[in-house]
Amino acid sequence: MYRRPILLPLIAFALALAAGCAPHPPASIAPAPLNALRASADETGIPVLTWHGFADAPRPGGGNLTEPYARFEQMLAWLRDQGFRSVFPGEVRPGEDRSRLVVLTFDDGPKEHLRAAQILERYGFRGIFFVIPNRIRPGNDRHLTPDEVQQLVRGGHRVAAHGYEHRSLAGSGTEVAGTLERSLGIMTAQAGPVVAAQDFAFPFGHYTPEVAQAVAGRFRYLHTVDPGYWDGRSALVPRMLVMNDIDLSFFQEYVRGGAGNLPAWEPLFPSGGMGDTLAFLTHGAPVPADVELLAISPDTEGRSYASHPLGDALRVRGDTAWVDMGAHLRRWFPPERVAVSYALVTRADGRIRYLTPGLLQWVYDPGSLPRAPAPRS
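Per chain, residue numbering runs from 1 following the sequence as it is written. The predicted origin of the model limits local features to residues at a pLDDT of at least 70 and limits the giving and counting of side-chain atom pairs to 80 or more, whereas totals for whole chains, interfaces and linings rest on all residues. Hydrogens and water molecules were not included; the side-chain quantities draw on all heavy atoms of the structure.

Observations concerning the overall build of the protein chain
Selection rule: Elements are defined by DSSP. Helices are runs of H or I of four residues or more, strands are runs of E of two residues or more, and each kind is numbered from the N terminus. Burial status follows relative accessibility: with a 1.4 Å probe on protein chains alone, a residue under 20% of its type maximum counts as buried, one over 50% as exposed, and anything between as partly exposed. Any two residues having at least one pair of non-hydrogen atoms within 4.5 Å are treated as being in contact. For accessible areas, the Shrake-Rupley method is used with a probe of radius 1.4 Å. Any residue's cover is judged against the shown protein chains and nothing else.
When helices and strands are counted, the protein chain shows nine helices and 22 strands. Within the protein chain, buried positions represent 57% of all 377 residues. Partitioning the intrachain contacts of the protein chain with sequence separation of at least 6 by distance along the chain shows that 70% fall at a separation of at least 24. Approximately 15,200 Å² of the protein chain is accessible, and the part contributed by carbon and sulfur atoms is 54%.

If you want it as structure tokens, here you go:
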């Protein structure tokens, strides 16, 4: 059954301190209630894309998160030609036609984001640039300086916090304390109090229900790396990581599919937990025969965005679908995988339909994992 990860003592202490001094009441991190029987323009999904590093060409051994500038421009040209408009989450309004809205985000704050921002502006788009607060300082030759952050702000973009030192919030008490006590103040100095409290991105996409609830007391929208569409209301914002070894057509189909996608299954548990068996409320919707688990996290063959059939790991009783997550993860993912960012999907006419919001499942309790060394700045 579902269970919450164990809180490390320092994390629990930081959360206790934060509970009494949050600047605003924390938003619920549960997804907004689903209505599987009626879909209108303002209830369909909003696609959210995320980039990390950029280069003129992929560097050998640079990983799959370094995007060639030319491919980035190709994606932006496609978005422009399809009539999409970039928005910030706080700009989405009830009743608005969402069929051509997209959120564009950028993580880690490396120097090359300045050039990416210039390309965005050339195509008429704006982005949210998630920077690492304790690395914003004059003379930093690898990450954005205060003057460069201000350059992004003047270009119409948004800058927001990406943790504090970019450690896992699920396993580092000092990262939790820094995020809750210092990140908002640093970002307020860069972007102003209203904008600074809008968006936040979890380092590595790591969180637990307790950590997410505490961070929601500082920031309104919490960006994950869980795949799927944002419903326009929930505090947790799914995002699709753009990877240079995944064909652009995959992300184009994802963006195009938001207008017709309304998740029909409601998770009966908070995202960011553990457990072998998970329950989803189907709201009476027919259960497809080909339900799959699509994960950003690499499978046993090292493939991201691979989807595997649930098969006999799925059981339906009444209007509840039960998933033997433990059996599925043991079958399709390597034993060293500590967490999986996923959504349950089905396929129709060759296209992916998201049955659930994006979710995070811990395979091992993050409180039991070895502590990572301080990141290099």
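What to know about helix H9 (residues 325–332)
Threshold: In this description, one arc is meant: the one made by directions from the helix axis to the C-beta atoms.
For H9, the set of buried residues is Met325, Gly326, His328, Leu329 and Trp332. For H9, the arc enclosing every buried residue in end-on projection is 165 degrees, short of the 170-degree limit, so these residues lie on one face. H9 presents Arg330 and Arg331 as exposed residues on the side facing more than 90 degrees away from its buried surface.

Side note on the sheet that holds strand S18 (residues 314–317)
Rule in force here: Between any two strands, at least two bridges found by DSSP are needed for them to pair. Axis lines are fitted to C-alpha atoms, over the contacting stretch for helices. Their N-to-C directions set the angle, which ranges from 0 to 180 degrees.
Ordered by their spatial adjacency, four strands build an open sheet running S13-S15-S19-S18, and the pairing between neighbours is antiparallel. Every interior strand has two partners, whereas the edge strands, strand S13 (266–267) and S18, have only one. In the sheet, S18 pairs with strand S19 (residues 320–324) via four bridges, with the strands oriented antiparallel. By the bridge assignment for S19, Val316 is matched with Ala321. Against the sheet, H9 contacts strand S15 (277–281) and S19, and its axis sits at roughly 40 degrees relative to S19.

Structural notes on the nonpolar core
Side chains that are nonpolar tend, in soluble globular proteins, to be buried together. Rules: In these notes, a set of buried Ala, Val, Leu, Ile, Met, Phe, Trp, Tyr and Cys residues joined through side-chain atoms within 4.5 Å is what counts as a nonpolar core.
With 84 residues, the main nonpolar core has Leu49, Leu104 and Tyr305 as its most contacted residues. Counting residues per element, this core draws most heavily on helix H2 (residues 69–81), at seven residues. In this structure, Leu104 is in contact with Leu49, Trp51, Leu76, Leu79, Ser86, Leu120, Phe125, Arg126, Gly127 and Ile128, ignoring residues within four places of it in sequence. In this structure, Val291, Leu314, Ala321 and Leu355 belong to the second largest nonpolar core, which totals 22 residues.

Here's the deal with the pattern of salt bridges
The line we're drawing: Salt bridge, as used here, is a side-chain nitrogen of Lys or Arg placed within 4 Å of a carboxyl oxygen of Asp or Glu.
Per the counting criterion, the structure on display carries 15 salt bridges. Salt-bridge contacts for Arg303 lead to Glu301; the nearest nitrogen and oxygen are separated by 3.4 Å. Each member of the salt-bridge network shares a partner with another, and the members are Glu253, Arg256 and Arg351.

Focus on the packing of H2 against helix H3 (residues 113–122)
The condition that has to hold: Oblique is the label for any angle not under 35 degrees, not over 145, and not in the 65 to 115 range, which are roughly parallel, roughly antiparallel and roughly perpendicular in turn. Definitions for this section: a left-handed crossing has its near helix turned counterclockwise from the far helix by less than a right angle. A right-handed crossing has that turn clockwise. Here the nonpolar group is Ala, Val, Leu, Ile, Met, Phe, Trp, Tyr, Cys and Pro; Asp, Glu, Lys and Arg are the charged ones; every other residue, Gly included, is treated as polar.
At a closest axis distance of 10 Å, the pairing of H2 and H3 adopts a crossing angle of 25 degrees. As summarised for this structure, H2 and H3 are arranged roughly parallel, according to the angle between their axes. Viewed along their axes, H2 and H3 form a crossing whose handedness is right-handed. Counting all contacts with H2, which are made through Tyr69, Phe72, Glu73 and Leu76, the residues of H3 involved are Arg115, Ala116, Ile119, Leu120 and Arg122. Considered class by class, the residues forming the contact of H2 with H3 number six nonpolar, no polar and three charged.

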